[in-house]
Amino acid sequence: MASPVPPVSSSPSTSPSASAAVSSNATADTAFRSALDVVRAVEPRVADAIGAEIEDQRASLKLIASENYASPAVLLAMGNWLSDKYAEGTVGRRFYAGCRNVDTVESLAAEHARALFGAQHAYVQPHSGIDANLVAFWAVLSQRVESPALRRAEARHVNDLSEQEWAELRAELGNQRMLGMSLDTGGHLTHGFRPNISGKMFEQRSYGTDPATGLIDYDALRATAREFRPLILVAGYSAYPRLVNFRLMREIADEVGATLMVDMAHFAGLVAGKVLTGDFDPVPHAQIVTTTTHKSLRGPRGGMVLCDDALAEHVDRGCPMVLGGPLPHVMAAKAVAFAEARRPEFQDYARRVVDNAQALAEGLLRRGATLVTGGTDNHLVLADVSGYGLTGRQAEAALLDSGIVTNRNAVPQDPNGAWYTSGVRIGTPALTTRGLGTAEMDEVAELIDTVLRGTTARVSGGGEPSKAQYELDPALCEAIARRGADLLAGFPLYPGIHLG
Ligand SMILES: *Cc1c(COP(=O)(O)O)cnc(C)c1O
């Protein structure tokens, strides 16, 4: 169902080495140095902060599941005068003159995206994952609520409705239902939770996981869907370490008349890299798929919506529906990143992300850690650290003290709530980009386990263990940080770039 797209010619200078994405040559070095010199002449503190950031990234064992390292080509495609263009509208139909180069990069990004994911339509303007979700929600509302109302009123445009008809339509738009995965089992705030606008727009209900297995309980989900009859069934997650059966999800959505929307923000790289295929590839099953472009997909910070032909015209109304002008420089970088992801090396990368997560999981389990669902099928591991006598907050902080960057995360039915939590989420996309493999993941598991074993919750005068304070021997911290640095020394990040 993809439109024909020319194959991406791989440049002869590209080597399929493990860290090809972040290996950098003299040309990239010169480009970044010159760029920083230009910035330094205006505001040296900004140039210094940019220079310091590459050093911080080089020095840390980055296990944040939502982060990655973009290639020099992606980074450089963002820093230029495409940024100066206003280009509201769509390719060839802009509300501003002089958009031919923006048209070029936007259509390239969309073509690459369609080919990469086998999607009928790609909308590459959203500035972030949250924006992509807002566009998707309103596209479905436009298709399923607004368009029928316009037809009933025999109006072509909302401006043609009477005040009365408009008031009724607004009430109807604001009275729709969404069923999404619960936050504490790995769902995302934008899937209908009250602190986010999605929870204010929709009446929401959640599905979750079976407490015994930690796996999505599809029978319970089906029962809830039958009873609740949502307009939108949202699948996708930020902290679920297993596969989701999107074929089954679509079956459930069809049965209750819901539109299936999949938010693949976290695992888009695994879909692009053909690790998640068949029932586990959302694109052939969902009517609409949203994503970020900067997580496992390794592109610039941004968002995207993929959809079937029936939704395309609604999705393309992202501007003016919820967006203003697109970010043409970021769309250029998306085109570059998608071109990279179409190369065979990216499939190898995606495979290694999962191999590494599984090796990390095995390493942790072998040392006695508890993992939600007992392991992983994707790029992340969710460790329940209560067995170490710690909250997620204490574990996250102790690991950071030792040079290991993770983030705390609730586990299902978390007794410590969403602030302190009982879990730590650990992801492999970034270190895999850097070139680390399964042998190194065992060492990473060793470092994590050693830190957590060496950390104890501080006990107050009243005998109560703190949820935030902890004791950790500075000598142990230092030893672990040194081992982490030794490990990373074998996998230089952007090795050709020397800004100092
Ligand atoms: C990260 C994430 C988002 C939000 O992406 P931003 O670019 O930070 O707005 C949305 N949905 C899911 C599932 C995510 O993991």
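Residues numbered from 1 in each chain as written. Predicted model: local features only at pLDDT ≥ 70, side-chain atom pairs only at ≥ 80, totals over all residues. Heavy atoms only, no water.

1. Observations regarding the overall build of the protein chain
Rules: In this text, helices come from DSSP runs of H or I with a minimum length of four residues, and strands from runs of E with a minimum of two, each type numbered from the N-terminal end. Between the two quantities, the radius of gyration covers C-alpha atoms and the globule rule is 2.2 Å times the number of residues to the power 0.38. Only protein chains enter the area calculation, which uses a 1.4 Å probe; residues under 20% of their type maximum are buried, those over 50% are exposed, and those in between are partly exposed. The contact criterion used is simple: two residues touch if any of their non-hydrogen atoms lie within 4.5 Å. Each accessible area value is a Shrake-Rupley result obtained with a 1.4 Å probe; residue values ignore everything except the protein chains displayed when judging cover. By the counting rule applied here, Lys and Arg register as positive and Asp and Glu as negative, while His and the ends of each chain are not counted. Charge coordinates come from a single atom per side chain, which is NZ of Lys, CZ of Arg, CG of Asp or CD of Glu.
A tally of regular secondary structure across the protein chain gives 19 helices and 17 strands. For 500 residues, the compact-globule estimate of 2.2 N^0.38 gives 23 Å, and the protein chain sits close to it at 24 Å. Projected onto the principal axes, the alpha-carbon positions of the protein chain cover approximately 75 × 55 × 40 Å. Going through the 500 residues of the protein chain one by one, you find that 55% of them count as buried. Here the analysis covers contacts within the protein chain between residues at least 6 apart in sequence; of these, 75% occur between residues at least 24 apart. A total accessible area of about 21100 Å² is found for the protein chain, and carbon and sulfur atoms account for 53% of it. When the 46 basic and 57 acidic side-chain charges of the protein chain are each reduced to a single mean position, those positions are 2 Å apart.

2. A few points about the nonpolar core
Rules: Nonpolar core, defined: a set of buried Ala, Val, Leu, Ile, Met, Phe, Trp, Tyr and Cys residues in which side-chain atoms within 4.5 Å join the residues together. Throughout the structure description, domain borders are defined by an automatic or database domain assignment.
Membership of the largest hydrophobic core comes to 56 residues, with the highest contact counts inside it found for Phe117, Leu233, Met249 and Leu306. When residues of this core are assigned to domains, at least three map to each of domain 2 (83-341) and domain 3 (345-489). Setting aside anything within four residues of it in sequence, one finds Met249 in contact with Tyr207, Ile216, Tyr218, Leu221, Leu233, Ala235, Val244 and Leu260. Within the second largest apolar cluster, 35 residues are counted, among which are Leu61, Ala445, Ile448 and Leu472.

3. Observations regarding the packing of aromatic side chains
Filter applied, for reference: Paired rings are identified among Phe, Tyr and Trp, the last through its six-membered ring, by centres lying within 6.5 Å, and are further divided according to the angle between planes into stacked (under 30 degrees), edge-to-face (over 60) and tilted (the rest). By definition here, charges over rings are those cases where NZ of Lys or CZ of Arg is within 6 Å of the ring centre and within 35 degrees of the ring normal.
Summed over all chains, the structure comprises 6 aromatic pairs. For the pair Tyr237 and Tyr240, a centre-to-centre distance of 5.8 Å together with 65° between the ring planes defines the contact as edge-to-face. Each of the two residues, Tyr237 as well as Tyr240, counts as buried. Members of the aromatic cluster, joined through ring pairs, are Tyr237, Tyr240, Phe246 and Phe267. One residue, Arg298, lies across the ring of Tyr349, its end atom 4.2 Å from the ring centre. Arg408 extends its terminal NZ or CZ atom over the ring of Trp419, reaching a point 4.6 Å from the ring centre.

4. Things to note about the site of the ligand
Which entries qualify depends on this criterion: For this description, a residue counts as near a given molecule or strand if any of its non-hydrogen atoms is within 4 Å of it. Pairs of N or O atoms within 3.5 Å make up the polar contacts considered here, provided that, within protein, one atom can donate a hydrogen while the other can accept it, and that residues adjacent in sequence are counted only when both atoms are side-chain atoms. All residues other than Ala, Val, Leu, Ile, Met, Phe, Trp, Tyr, Cys, Pro, Asp, Glu, Lys and Arg, Gly among them, are scored as polar; the first ten of these are nonpolar and the last four charged.
Surrounding the ligand, one finds 13 residues, the nearest of these being Gly129, Ile130, Ser238, Asp263 and Lys295. At a separation of 2.9 Å, an oxygen atom of the ligand approaches a polar backbone atom of Ile130. Burial of the ligand by the protein amounts to 85% of the accessible area it has alone, namely 380 Å². Considering every element that reaches the shell around the ligand, the biggest residue donor is helix H5 (residues 129-152), with 3 residues. A per-class count over the shell around the ligand returns 3 nonpolar, 8 polar and 2 charged.

5. Overview of the pattern of salt bridges
Defined as follows: Only one rule defines a salt bridge in this text: a Lys or Arg side-chain nitrogen within 4 Å of an Asp or Glu carboxyl oxygen.
All told, the structure shown has 29 salt bridges when counted by the stated rule. Here Lys62 and Glu67 are joined by a salt bridge, their closest N and O atoms 3.2 Å apart. The class for Lys62 is buried, based on a relative accessible area of 6%. What emerges from the salt-bridge pattern is a single network uniting Arg222, Arg226, Arg247, Glu251, Glu255 and Asp279.

6. Brief notes about the UniProt feature "modified residue: N6-(pyridoxal phosphate)lysine" (unreviewed entry) in the protein chain
The condition that has to hold: UniProt positions are given in the numbering used here, feature names are shortened, and annotations may be inferred rather than shown by experiment.
UniProt annotation of "modified residue: N6-(pyridoxal phosphate)lysine" (unreviewed entry) refers to Lys295 when read in the numbering used here. Looking at where Lys295 falls in the secondary structure, it is placed in the loop between strand S9 (288-292) and strand S10 (303-307). Relative accessible area serves as the criterion here: at 13%, Lys295 is assigned to the buried category. When neighbours within four sequence positions are excluded, Lys295 is seen to be in contact with Ser66, Asn68, Ala265 and His266.

7. Some details on the domain arrangement of the protein chain
Here is the rule we go by: Accessible area that two parts lose when put together, with a 1.4 Å probe and added across both, is what the buried area reports.
When cut into domains, the protein chain gives domain 1 (19-44), domain 2 (83-341) and domain 3 (345-489). Tallying the contact residues gives 27 residues for domain 2 and 26 residues for domain 3. Summed over both sides, the interface between domain 2 and domain 3 buries roughly 2100 Å², with carbon and sulfur atoms accounting for 59% of that surface. Three residues, Pro241, Arg242 and Arg298, lead the burial of domain 2 against domain 3; their summed loss comes to 29% of the area buried on that side. Linking domain 2 with domain 3 are 1 salt bridge. Across the salt bridge formed by Arg242 and Asp377, the nearest N and O atoms sit 3.0 Å from each other. Linking domain 2 with domain 3 are 12 residue pairs in polar contact (both at pLDDT 80 or more), by the criterion used here. When contributions to the side of domain 2 that touches domain 3 are tallied by element, the ones reaching two or more residues are helix H10 (268-272) and helix H13 (328-341).

8. Let's talk about the sheet that holds strand S5 (residues 176-181)
Threshold: By definition, two strands form a pair when at least two bridges between them are found by DSSP. All axes are obtained by fitting lines to C-alpha atoms, using only the stretch in contact for helices, and the reported angles, taken between N-to-C directions, cover 0 to 180 degrees.
Taken in spatial order, the 7 strands make up an open sheet running S4-S10-S9-S8-S7-S5-S6, and their pairing is mixed. Each having just a single partner strand, strand S4 (121-123) and strand S6 (202-207) make up the two edges of the open sheet. Strand-to-strand twist across the sheet, computed as the mean angle between neighbouring axes with direction ignored, equals 20°. By the bridge criterion, 6 bridges tie S5 to S6 in an arrangement that is parallel. What sits directly across from Met178, in S6, is Gln204.

9. As for helix H8 (residues 218-228)
Let me state the cut-off plainly: The arc refers to the directions leading from the helix axis to the C-beta atoms.
Taken together, the buried positions of H8 are occupied by Tyr218, Leu221, Arg222, Thr224, Ala225 and Phe228. One side of H8 carries all its buried residues, which in axial view fall inside an arc of 165°. Every exposed residue of H8 that faces more than 90 degrees away from the buried side is listed here: Asp219 and Glu227. Buried positions along H8 lie against S5, S6, strand S7 (232-236) and helix H9 (246-256). Its side-chain oxygen at 3.3 Å from the backbone nitrogen of Asp219, Asp217 defines the N-terminal cap of H8. Positive phi shows up at Arg229, right after H8, with a value of about 50°.

10. Concerning the sheet that holds strand S15 (residues 423-427)
Across the sheet, which stays open at both edges, the 4 strands sit in the order S11-S12-S15-S14 with antiparallel pairing between neighbours. Only two strands of the sheet have a single partner each, and these edge strands are strand S11 (370-371) and strand S14 (407-409). Of the pairings in the sheet, the one linking S11 to strand S12 (residues 380-384) comprises 2 bridges and is antiparallel in character. Counterpart to Leu371 in the pairing with S12 is Ala383. Relative to the sheet, helix H14 (residues 344-366) contacts S11, S12 and S15, its axis offset from that of S12 by approximately 20°.

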